[in-house]
Amino acid sequence: MARITAIFPCAGDGTRFGTCFKPFLRVEDKSFIELAVLAMREYVDSFIFVYRDDQEKRFNVRSCLEDMLGKHGIKPICVIIPRPTSGPLDTLRAAFTHLAPDAPAIICDCDHAIQIGPLVKKAASMPHMEAVLATWPLDESDLKSWGVAAVLPDGLVVGSAEKRKPEGAPAEASMMGIIGCHYFRRVGTLEDSAATKGCSHISEVLAQLSASKLVCASKIEQAEFFGDPRRLFECLILRKGGKPPSAVLAYTLLTGKEVDRSEEHTSELQSLAGSR
């Protein structure tokens with residue numbers, strides 16, 4: 001299988017945690033970005049990080065990445081963009097100049113750490129597929145917190161939707177949560193979609209490929225999620241062997257406030273328990 005590059009788009013403002021550089025937040029003794037990178041290093045040869053010039057100046061990103069990852073023998077490739085872009089795909093295009101159009105890549109968020117072995121093996125076993133989604137099993141109650149893929153028994157993705165079941169999904173399809181970690185067989189597919197088809201989001205590219213039956217799903221077996229305050233709190237509790245707390249308990253422990261049913265607290269609690 002061709003050598004794989006992982007690209008992390010890090011140009012957002014981290015508003016779910018207040019204005020911050022989210023990749024540098026920590027789960028115990030490691031940053032989000034360390035956990036995300038270390039979980040996939042067995043299968044990835046190089047790591048590209050795309051972020052803004054103002055973030056570099058404010059958070060000293062390059063130096064911090066070199067320190068955090070250098071101690072693990074990883075040399076980050078930093079791509080600094082001058083200003084916010086029109087969308088996530090436009091942000092990623094700055095990284096594509098470092099890769100050949102036919103090079104495979106994994107596009108991954110920094111707010112989870114997943115063992116990508118099943119993703120890579122699925123891509124190798126289905127070479128006719130242009131993209132492979134990392135997915136997570138869902139209960140019915142989880143649907144409102146995830147992007148949802150309808151997946152046939154053979155792994156083919158036949159539909160997707162945000163926070164609900166995809167319309168028209170076949171009865172035999174399983175509903176799986178879409179993790180923000182996607183394998184693309186060719187980064188040129190993303191570049192072409194942005195340049196010639198007007199796509200500004202990866203989801204638009206995936207929808208086009210799915211309509212041509214070129215997207216399959218891989219069920220991830222091991223993962224940690226910490227992309228918002230509630231998930232971070234649950235991650236910390238699980239690491240200590242306890243059960244994830246309810247949103248009410250998480251709210252109290254994270255904010256130091258008792259929950260009443262006033263409109264003010266209800267709004268804050270909803271924000272804390274917000275979806276991905």
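Residues numbered from 1 in each chain as written. Predicted model: local features only at pLDDT ≥ 70, side-chain atom pairs only at ≥ 80, totals over all residues. Heavy atoms only, no water.

Visitor: Lay out the overall build of the protein with the relevant residues and their values.
Guide: In terms of helices and strands, the protein carries 10 helices and 13 strands. The burial tally for the protein puts 49% of its 276 residues in the buried class. Considering only contacts in the protein between residues 6 or more positions apart, those separated by 24 or more positions represent 71%. (Helix = DSSP H or I, 4+ residues; strand = E, 2+ residues; numbered from the N terminus. Buried < 20%, exposed > 50% of the residue type's maximum accessible area, 1.4 Å probe, protein only. Contact = heavy atoms within 4.5 Å.)

Visitor: Quick one: what's the story with the packing of aromatic side chains, residue by residue and with numbers?
Guide: In this description, an aromatic ring pair is defined by two values, namely the gap between the centres and the angle between the planes. Going through the model one piece at a time under the given rule, you end up with seven aromatic pairs. With centroids separated by 6.3 Å and ring planes inclined at 75°, the aromatic side chains of F21 and Y51 adopt a geometry described as edge-to-face. Residue F21 is located in the loop between β1 (5–9) and β2 (26–27), and its partner Y51 is located in strand β4 (residues 46–52); the two are separated by 30 residues in the primary sequence. Consider the rings of F21 and F59, whose centres lie 5.7 Å apart with planes at 25°: the pair is stacked. Of this pair, F21 sits in the loop between β1 and β2 while F59 is found in helix α2 (residues 53–59), placing the two residues 38 residues apart along the sequence. Judged by relative accessible area, which is 23%, F59 ranks as partly exposed. (Phe/Tyr/Trp six-rings, centres within 6.5 Å; stacked < 30°, edge-to-face > 60°.)

Visitor: Before we move on, could you go through the packing of helix α1 (residues 32–40) against helix α3 (residues 61–70) and cite the residues and values that matter?
Guide: The geometry of α1 relative to α3 is characterised by a closest axis approach of 10 Å and an angle of 50° between their N-to-C directions. Considered as vectors, α1 and α3 are oriented oblique to each other. For α1 against α3, the interelement crossing comes out right-handed. Along its contact with α1, which presents I33, E34 and V37, the element α3 presents L65, M68 and L69. A breakdown of the residues in the contact of α1 with α3 according to their chemical character gives five nonpolar, no polar and one charged. (Axes fitted to C-alpha atoms, helices over the stretch in contact; angles between N-to-C directions. Parallel < 35°, antiparallel > 145°, perpendicular 65-115°, else oblique. Left-handed = near helix turned anticlockwise from the far one by under 90°. Nonpolar A, V, L, I, M, F, W, Y, C, P; charged D, E, K, R; others polar.)

Visitor: Describe the packing of helix α6 (residues 187–196) against helix α7 (residues 202–211), naming the residues involved and giving the relevant values.
Guide: Running from amino to carboxyl end, α6 crosses α7 at an angle of 105°, the nearest separation of the two axes being 10 Å. In terms of axis orientation, α6 runs roughly perpendicular to α7. Contacts between α6 and α7 involve T189, L190 and S193 on the former and, on the latter, V205, Q208 and L209.

Visitor: Lay out α7 in plain terms, naming residues and giving numbers.
Guide: Among the residues of α7, I202, V205, L206, L209 and S210 are the ones counted as buried. For α7, the arc enclosing every buried residue in end-on projection is 135°, short of the 170-degree limit, so these residues lie on one face. Pointing more than 90 degrees away from the buried face of α7 are the exposed residues S203 and A211. Of the residues trailing α7, K213 is marked for its positive phi of about 60°. (Arc of directions from axis to C-beta.)

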